[in-house]
Amino acid sequence: MILQALTHYYEDLLEQGKIGRPGWSQVKVSYGLDLDEEGNLVQLLHLQQEVTRGKKKALVPRELLLPAQVKRSAAVAPNFLCDNSGYLLGADSKGKPGRTADCFAAAKFLHTELLQNAGSPAAKAIVRFFARWDPAQASACPLLQEDWEDLMKGGNLTFFYSGRPAVEDPAVRDAWQSRYDAGNSEGAEDILCLVTGRHAPLARLHPNIKGVAGAQPTGAALVSFNGPAFCSYEHEQGSNAPTSEYAAFAYTTALNTLLTDRNHVCRVGDTTIVFWADGSDTAYQDCAMFALFGGGIEESTAYREADLFNVLRQLSRGQPVDWDGSRLDPGTRFCILGLAPNAARLSVRFFWQNSFGELAKNLSRHYERLNIIRPAYVQNTLLTIWRMALETVRKPAPGSRPPDPVQRLAGDLLLAVLNDAPYPATLQNGVQLRIRAQQDITWGQAAILKAYYSRNSTNEQCKEVMTMELNEQSTYLPYVLGRLFSVLEAIQRSASPNINTSIRNRYFNAASATPALVFPTLVNLAQKHLNKLDGGLAAYYEKRLADLHSRITQTLPARMTLDEQSAFQIGYYHETQNRYVKKEEK
């Protein structure tokens with residue numbers, strides 16, 4: 001299913017001219033070797049481009065459409081037209097001169113064999129270059145002296161002729177395409193491809209996937225069989241999962257293309273997540289990235305939380321909407337793939353595939369559950385998947401990086417949201433531990449508790465108080481006690497405005513867990529604080545206390561369960577936020 005979806009995406013890109021046909025791929029290239037008609041090196045071209053990364057600027061290789069790269073192991077295997085200095089110049093910094101000489105000889109043989117009968121000046125120049133170039137004198141070449149150390153680091157080089165990339169020469173391109181087509185079909189076993197459903201030559205080895213965080217920089221395999229334990233019925237390598245050469249090239253090219261698009265790649269824990277839609281319209285990716293992770297669109301785009309919720313509601317009802325100048329169709333198929341490193345291979349953490357309207361429906365329900373009254377300074381802050389996970393860890397010092405949440409938490413949470421499934425228990429546990437550690441509850445933690453119990457709980461009394469704002473009619477004891485604790489804290493702060501340590505700092509955890517032990521002390525303390533207040537303010541607080549005491553119709557429990565503690569915390573949060581609501585809003 002994953003390979004089929006990626007192959008279909010490749011065909012969408014190919015039809016729109018956004019990607020090369022089989023035998024070609026986007027390759028990162030740092031330098032160009034510009035040749036004259038006699039094959040002499042006349043100039044070293046710098047192909048790096050400057051990009052902004054955070055607050056800094058860096059030089060990165062340029063991506064060019066070049067002949068597909070071979071999959072290397074320990075053996076010498078040259079690439080056509082583009083390779084590192086060891087293959088094209090016969091020099092590198094690996095300290096193995098014998099192997100480097102073999103690499104140059106292999107590259108020389110490959111280029112000579114493919115281009116000796118091509119009649120174009122560019123093809124002849126490359127053949128003459130390999131005939132004349134002396135690897136022993138490479139370090140003395142004046143054209144390479146300035147960039148010699150960087151050349152030895154292993155970046156890719158490609159050939160130019162008279163200032164133009166040699167790959168653009170028709171004769172050079174035809175020579176490679178003929179070699180690729182003949183080489184793929186010659187001697188390959190004919191199989192029924194499990195991806196396309198058509199008979200085609202078997203791909204014994206699949207190309208590598210590059211760009212997954214934590215995986216090997218040279219790439220890792222999504223499909224591979226390199227040991228007897230992974231094989232069955234005496235099949236070897238790719239025969240265990242018969243995939244055609246075309247399908248192997250298509251799905252790897254599509255996935256590598258997605259991974260190079262940093263605007264639409266997200267990392268959650270150790271999982272790298274990519275998105276795509278049928279038709280390859282990036283507007284779907286932008287919308288999904290913004291809805292799930294708060295990114296994926298330009299910072300200047302004036303989308304707010306309310307705009308997103310309106311878009312999600314319309315899509316969930318089956319209505320097309322406009323997003324950033326594009327039309328979003330709720331019937332379009334949308335895919336989300338999560339990959340994690342696993343030695344030389346990639347591990348599929350999850351794969352989600354459904355209509356974009358179904359995604360919008362599940363996200364709309366999720367954000368509706370998260371909706372809760374907030375402080376004024378966070379009205380336009382989207383509580384994304386990653387921000388929810390960060391609510392389970394301590395807040396970092398200004399300018400420092402926050403600690404990472406539990407490794408699997410964000411991924412499990414994302415899956416629950418995508419499938420409109422119950423939230424993982426690790427989310428609630430993490431939030432509760434954080435609340436106990438800080439002896440306070442933030443708006444994000446309150447929103448998470450509200451969403452968790454609204455979706456997961458079967459306790460109707462607990463679900464009844466998981467509302468957007470204060471439920472003044474509820475008589476659910478843990479909720480009322482949370483409200484009462486908030487009022488007692490307000491009385492203390494009114495009586496002693498400059499106090500450094502309030503009852504919240506001392507008693508919040510104990511009040512939520514063992515109210516019978518704590519509340520008699522707090523109520524007696526409040527009476528002393530009321531004596532310090534003027535008549536009007538004291539009367540107001542006495543009225544609030546009387547109202548809350550009237551809702552307590554049973555003996556205070558000696559200990560409250562985790563669900564009841566959560567209701568206590570929500571009651572405290574609701575009552576506290578209610579004090580800051582403007583009078584006209586009330």
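Keep in mind that what you see is a predicted model, and the values were worked out from it rather than measured. (Residues numbered from 1 in each chain as written. Predicted model: local features only at pLDDT ≥ 70, side-chain atom pairs only at ≥ 80, totals over all residues. Heavy atoms only, no water.)

## Focus: the overall build of the protein
Using the following cut-off: Elements are defined by DSSP. Helices are runs of H or I of four residues or more, strands are runs of E of two residues or more, and each kind is numbered from the N terminus. For a compact globule the rule gives 2.2 Å times the number of residues to the power 0.38, and the radius of gyration it is set against comes from C-alpha atoms. Working definition: with a 1.4 Å probe on protein chains only, accessible area under 20% of the residue-type maximum means buried, over 50% means exposed, and in between means partly exposed. Throughout, a contact is declared for two residues whenever any of their heavy atoms are within 4.5 Å. Note on charges: Lys and Arg go in the positive column, Asp and Glu in the negative column, and His and the chain ends are not counted at all. All charge positions are set by atom: Lys at NZ, Arg at CZ, Asp at CG, Glu at CD.
Within the protein one finds 20 helices and 17 strands. In terms of overall size, the protein is more extended than a compact globule, its C-alpha atoms giving a radius of gyration of 32 Å where 586 residues would be expected to give roughly 25 Å. In terms of its C-alpha atoms, the protein occupies a principal-axis envelope of roughly 100 × 55 × 50 Å. Counting only residues that meet the buried cut, the protein has 49% of its 586 residues in that class. In the protein, the share of contacts with a sequence separation of at least 24, taken over all contacts with a separation of at least 6, comes to 67%. Averaging the locations of the 61 positively and 60 negatively charged side chains of the protein gives two centres separated by 8 Å.

## Re helix H13 (residues 425-438)
To keep it simple, the criterion reads: Helices are assigned an expected span. That span is 1.5 Å times one less than the residue count.
Across its 14 residues, H13 extends 20 Å between first and last C-alpha, which sits within 8% of the 20 Å expected from 1.5 Å per residue. For H13, the complete set of buried residues consists of Leu427, Gln428, Gly430, Val431, Gln432, Arg434 and Ile435. Looking at the packing, one finds that the buried side of H13 touches helix H11 (385-390), helix H12 (409-418), helix H14 (443-456), helix H17 (503-513) and helix H20 (562-579). Positive phi shows up at Gln439, right after H13, with a value of about 50°.

## Brief notes about a positive patch on the surface
Note the threshold: A residue counts toward a patch only above 30% relative accessible area and without a salt bridge, and it is joined to like-charged neighbours within 9 Å or, for Val, Leu, Ile, Met, Phe, Trp and Tyr, to nonpolar neighbours within 5 Å. All accessibility values rest on the Shrake-Rupley procedure with a 1.4 Å probe; residue burial counts only the protein chains present in the view. Any carboxyl oxygen of Asp or Glu that lies within 4 Å of a side-chain nitrogen of Lys or Arg is treated as forming a salt bridge with it.
Taken together, Lys28, Arg53, Lys210 and Arg262 make up a surface patch of like positive charges. Considering the arrangement of structural elements, one finds Arg53 in strand S4 (residues 49-53). Residue classification places Arg53 among the exposed positions, given a relative accessible area of 56%.

## A few points about the side chain of Thr252
As for its position among the elements, Thr252 is in helix H7 (residues 245-260). Apart from the residues lying within four places of it in its own chain, the contact partners of Thr252 are Pro207 and Ile209.

## Examining the pattern of salt bridges
Any two side chains of opposite charge can pair if their charged atoms end up close together. All chains considered together, the criterion is met by 19 salt bridges. In this structure, Asp420 and Arg369 form a salt bridge, with 3.1 Å as the shortest nitrogen-oxygen distance. With Asp420 in the loop between H12 and H13 and Arg369 in helix H10 (residues 356-370), this residue pair connects regions lying 51 residues apart in the sequence. Residue classification places Asp420 among the buried positions, given a relative accessible area of 14%. Residue classification places Arg369 among the buried positions, given a relative accessible area of 13%. Of the charged contacts, one joins Arg551 and Asp547 as a salt bridge, the two residues approaching to 3.8 Å between their closest N and O atoms. Owing to a relative accessible area of 15%, Arg551 belongs among the buried residues under this scheme. Connected via shared salt-bridge partners are Asp440, Glu489, Arg493 and Arg504.

## A few points about the packing of aromatic side chains
Note the following rule: A pair of Phe, Tyr and Trp rings is counted when the ring centres sit within 6.5 Å of each other, with Trp represented by its six-membered ring. The angle between the planes then sorts it: under 30 degrees is stacked, over 60 is edge-to-face, the rest tilted. By definition, being over a ring means that NZ of Lys or CZ of Arg is both within 6 Å of the ring centre and within 35 degrees of the ring normal.
Here the structure, examined in full by the defined rule, presents 26 aromatic pairs. For the ring pair Phe485 and Phe519, a centre distance of 6.5 Å and an interplane angle of 80° mean the geometry is edge-to-face. Of this pair, Phe485 sits in helix H16 (residues 477-495) while Phe519 sits in helix H18 (residues 515-530), placing them 34 residues apart in sequence. For the pair formed by Phe485 and Phe519, the shared burial category is buried. Three or more aromatic residues joined by ring pairs make a cluster, and in this case those are Phe104, Phe129, Phe130, Trp133 and Phe159. Lying over the aromatic face of Trp24, Arg173 brings its terminal NZ or CZ to 4.3 Å of the ring centre.

## Remarks on the pairing of strand S12 (residues 265-268)
Put simply, side chains in a regular strand alternate between the two faces of the sheet. Inclusion rule: At least two DSSP bridges between two strands are needed for those strands to be called paired.
Bridge analysis of S12 against strand S13 (residues 271-277) gives 4 bridges, and the strand direction is antiparallel. Following the sheet pairing, Arg267 is matched in S13 by Thr272. A loop of 2 residues connects S12 with S13, the two strands running antiparallel in sequence, and Gly269 in this loop sits at a positive phi of about 65°.

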